[in-house]
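# Architecture and fold: a report
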Amino acid sequence: NPDPDEIQTCFPFLERQIAAIQPNFIVALGTFAAQTLLATRTPISKLRGRFHDYKGIKVVCTYHPAYLLRNPAAKRQVWEDMKMLMRAMGAELK
């Protein structure tokens, strides 16, 4: 897990990258990514499953891949998050 000073040091770089890329969507993988991006302390379990907003960009928060290695049953929830994202992007699901 990143230390608070590491997050504080690196976050401005991330903000500049997002501004340069101007994505329509962001997927925040895990607690630290989601909480930092959305400036919240809400647990990832409560953030996932819906869209959030970061400076006009739709954000999907879901579990980190390392969490899924320890908790394989959560893969279904992540798949639901990804399907929600794909629908919003206009991708056809089969």
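Quick note: structure is the one above.
These figures come from a predicted structure and were not determined experimentally.

Before going further, it helps to examine the sheet that holds strand 3 (residues 57-62). Read from one edge of the open sheet, 3 strands run 1-3-2, paired in mixed fashion. Unpaired on one side and paired on the other, strand 1 (25-29) and strand 2 (51-54) mark the two borders of the sheet. Neighbour-to-neighbour, the strand axes of this sheet turn through a mean angle of 35°, independent of strand direction. Set on the sheet, helix 5 (residues 75-88) makes contact with strand 1, strand 2 and strand 3; between it and strand 3 the angle comes to about 165°.

Let's shift gears to the environment of Pro2. Locating Pro2 in the fold gives a position in the segment before helix 1 (4-21). Sequence separation between Pro2 and Phe32 is 30 residues, and the spatial gap between their C-alpha atoms is 7.7 Å.

Turning our attention to the nonpolar core. If you look at soluble globular proteins, the nonpolar side chains tend to sit buried side by side. Core analysis: the largest hydrophobic core is formed by 17 residues, its most contacted members being Ile26, Leu37, Tyr54, Val59 and Cys61. Residue assignment for this core shows that the elements contributing at least two residues are helix 1, strand 1, helix 2 (31-38), helix 3 (44-47) and strand 3. Setting aside its immediate chain neighbours within four residues, Ile26 contacts Ile18, Leu37, Tyr54, Ile57, Lys58, Val59 and Val60.

What counts as what
Residues numbered from 1 in each chain as written. Predicted model: local features only at pLDDT ≥ 70, side-chain atom pairs only at ≥ 80, totals over all residues. Heavy atoms only, no water. Pairing = 2+ DSSP bridges. Helix = DSSP H or I, 4+ residues; strand = E, 2+ residues; numbered from the N terminus. Axes fitted to C-alpha atoms, helices over the stretch in contact; angles between N-to-C directions. Contact = heavy atoms within 4.5 Å. Core = buried A, V, L, I, M, F, W, Y, C linked by side-chain atoms within 4.5 Å. Buried < 20%, exposed > 50% of the residue type's maximum accessible area, 1.4 Å probe, protein only.

Without other data, these values stay purely geometric and don't point to any function.
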